[in-house]
Amino acid sequence: MLTLAGLIRGHRPDIVLMGATTLGRDLSGSVATELETGLTADCTNLEIDPATRLLKQTRPAFGGNIMATILCKDRRPQMATVRPRVMAMPARDETRIAEIIRGECPVREEDVPETVIDLIDEAGSAVYLDKAEIIVAGGRGIGEARNFETLRDLADALGGSLGASRAAVEAGWISPAHQIGQTGQTVRPKIYFAVGISGAIQHLVGMQTSDVIVAINKDKDAPIFRVATYGIVSDFSEVVPVLIEEFRKRLSRPGARPPAHNPPPS
């Protein structure tokens, strides 16, 4: 932290951005405190105001009920963290050349009061939703925990992964590792099935940048339909089994590409 703060003081950048990962959240807060500047965490959008050159930092606020745009007018640097996969990867520009500036680390090992004694890996199956190209996510609208097995069948038929809304996780229907949204994982799959999910802003910030969103909900006024590419107004129990049967039939044809789950990162 002190090394990074020293580099920032030396180079005096107007803006410092970090990933809103476990490490990034911890480091950014410490650096911002050391530099006596502001920090906007978990941003979903960043823009530069052309008139003032201020960084417009947008993130959910008041429990995710509104989207707030925050400015740091008087302190420098302007600091923000961004959750992984919130923004699209820009096209590669071969004309841009970056300069790598190597700095010195003034902190010695004996200056660090903490010592890592051992690392213990927690046993359990990992869920790599951030790498999945197809996600089938369920919410409170599916009614009960056992109905996630139906959604799992759909995910398996497509070679996708199983996700969930915060409401489904808090109900104890599925583990927190599957949660998508403001307090869960941020995903950007090619296809996202939102089944029985109303579409509260807390969930939308974690999946609304998916390439294609298919919403299945019996409430025609559910907010999820505002961001959906395709919407089906019906009870999931009538729609999902038909989709499973149809996808299995089509993918079993000669020449059809078999479903393949995304392997965990090496």
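Scope of this entry: the structure provided in the associated data block. (Residues numbered from 1 in each chain as written. Predicted model: local features only at pLDDT ≥ 70, side-chain atom pairs only at ≥ 80, totals over all residues. Heavy atoms only, no water.)

A look at a nonpolar patch on the surface
This is how it is decided: Surface patches are defined over residues having more than 30% relative accessible area and no salt bridge, joining like charges when they lie within 9 Å and nonpolar side chains (Val, Leu, Ile, Met, Phe, Trp, Tyr) when within 5 Å. Residue burial considers only the protein chains on display, and all accessible areas are found by Shrake-Rupley using a 1.4 Å probe. Criterion for a salt bridge: a side-chain nitrogen of Lys or Arg within 4 Å of a carboxyl oxygen of Asp or Glu. Only protein chains enter the calculation, and the probe is 1.4 Å; a residue is then buried if its accessible area is under 20% of its type maximum, exposed if over 50%, and partly exposed in between.
On the surface, a cluster of nonpolar side chains totalling about 230 Å² of accessible area is made up of Ile15, Leu17 and Ile48. Judged by relative accessible area, which is 30%, Ile15 ranks as partly exposed.

Overview of the nonpolar core
Operational definition: Working definition of a nonpolar core: buried Ala, Val, Leu, Ile, Met, Phe, Trp, Tyr and Cys residues. They are joined through side-chain atoms within 4.5 Å. In this text, helices come from DSSP runs of H or I with a minimum length of four residues, and strands from runs of E with a minimum of two, each type numbered from the N-terminal end. Here, residues are in contact when the closest pair of their heavy atoms is within 4.5 Å.
Among the nonpolar cores identified, the biggest contains 22 residues, and Phe148, Leu151, Leu154, Phe193, Val195 and Val240 are the most heavily contacted of them. Elements supplying a minimum of two residues to this core: β7 (134-138), α3 (148-158), β8 (161-164), α4 (166-170), β9 (191-195), β10 (212-217) and α6 (236-251). Setting aside residues up to four positions removed in sequence, Val195 forms contacts with Val136, Ala137, Gly138, Gly139, Ile142, Leu151, Ile216, Phe236 and Val240. Counting residues in hydrophobic clusters, the runner-up holds 17 residues, among them Leu129, Ala132, Ile197 and Ile213.

Topic: unusual backbone geometry
In the segment running from Arg76 into Pro77, the intervening peptide bond is cis, with an omega of 0 degrees. Take Pro77: it is sitting in the loop between β5 (66-70) and β6 (78-82). Unlike most non-glycine residues, Asp42 shows phi in positive territory, near 55 degrees. Tracing the sequence through the fold places Asp42 in strand β2 (residues 39-43). Asp42 sits in the buried class, given a relative accessible area of 15%.

Some details on the pairing of β7
As a general feature of sheets, a regular strand has side chains that alternate between the two faces. Put simply, the test is: At least two bridges found by DSSP between two strands is the condition for calling them paired.
Counted residue by residue, β7 has five buried out of five residues, so it is predominantly covered. The two faces of β7 match: Ile134, Val136 and Gly138 on one face and Ile135 and Ala137 on the other face are all buried. Pairing analysis gives five bridges linking β7 to β9, with the strands arranged parallel. Along β9, the bridge assignment pairs Ala137 with Ala194.

Comments concerning the sheet that holds strand β4 (residues 55-61)
This is how the line gets drawn: Only the stretch in contact is used when fitting a helix axis, every axis being a line fitted to C-alpha atoms; angles between N-to-C directions are given from 0 to 180 degrees.
Strands sit in the order β3-β4-β5 across an open sheet of three strands; the sheet is antiparallel. The two strands at the open ends of the sheet, each matched to only one other strand, are β3 (45-48) and β5. Pairwise comparison of adjacent strand axes, ignoring direction, gives a mean angle of 25 degrees for this sheet. Pairing geometry for β4 and β5, over five bridges, is antiparallel.

Quick word on the environment of Met18
Mapped onto the fold, Met18 is located in strand β1 (residues 15-19). When the C-alpha atoms of Met18 and Met89 are compared, they prove to be 16 Å apart, with 71 residues separating the residues in sequence. Contacts of Met18, omitting those with residues within four sequence positions, involve Leu4, Gly24, Leu27, Ser28, Val31, Met79, Ala80, Thr81 and Val82.

Some thoughts on the packing of α3 against α6
When two helices pack together, their arrangement is given by the angle between the helix axes and by the axis-to-axis distance. Rules: By the definition adopted for this analysis, an angle is roughly parallel if under 35 degrees, roughly antiparallel if over 145, roughly perpendicular if from 65 to 115, and oblique otherwise. Less than a right angle of anticlockwise turn of the near helix away from the far helix marks a crossing as left-handed, whereas a clockwise turn marks it as right-handed. Think of it as three bins: nonpolar holds Ala, Val, Leu, Ile, Met, Phe, Trp, Tyr, Cys and Pro, charged holds Asp, Glu, Lys and Arg, and polar takes everything else, Gly as well.
Between α3 and α6, the least distance of the axes is 9 Å, while the angle of their chain directions is 25 degrees. Classified by the angle their axes make, α3 and α6 are roughly parallel. Here the hand of the crossing between α3 and α6 comes out left-handed. In this structure, α3 contributes Thr150, Leu151, Asp153, Leu154, Ala157 and Leu158 to the contact, and α6 contributes Phe236, Val240, Leu243, Ile244, Phe247, Arg248 and Leu251. A class-by-class count of the residues in the contact of α3 with α6 yields 10 nonpolar, one polar and two charged.

Comments concerning the packing of aromatic side chains
For the record, the criterion: Aromatic pairing here means that ring centres of Phe, Tyr or Trp (its six-membered ring) are within 6.5 Å. Orientation follows from the plane angle: under 30 degrees is stacked, over 60 is edge-to-face, and everything else is tilted.
All chains considered together, the criterion is met by one aromatic pair. Ring plane angle 80 degrees and centroid distance 6.5 Å describe the contact between Phe193 and Phe247, whose orientation is recorded as edge-to-face. Of this pair, Phe193 sits in strand β9 while Phe247 sits in helix α6; the two residues are 54 residues apart in sequence, bridging distant segments of the chain. Residue class for Phe193 comes out buried when judged on its relative accessible area of 5%. In this structure Phe247 comes out as partly exposed when scored by relative accessible area, which is 23%.

A closer look at the sheet that holds β2
The sheet built from three strands is open, its strands ordered β1-β6-β2 with parallel pairing. Only two strands of the sheet have a single neighbouring strand rather than two, namely β1 and β2. Strand after strand, the sheet turns through a mean of 20 degrees between neighbouring axes, direction not considered. Relative to β6, β1 runs parallel, the two sharing five bridges. The partner of Met18 across the bridge, within β6, is Thr81.

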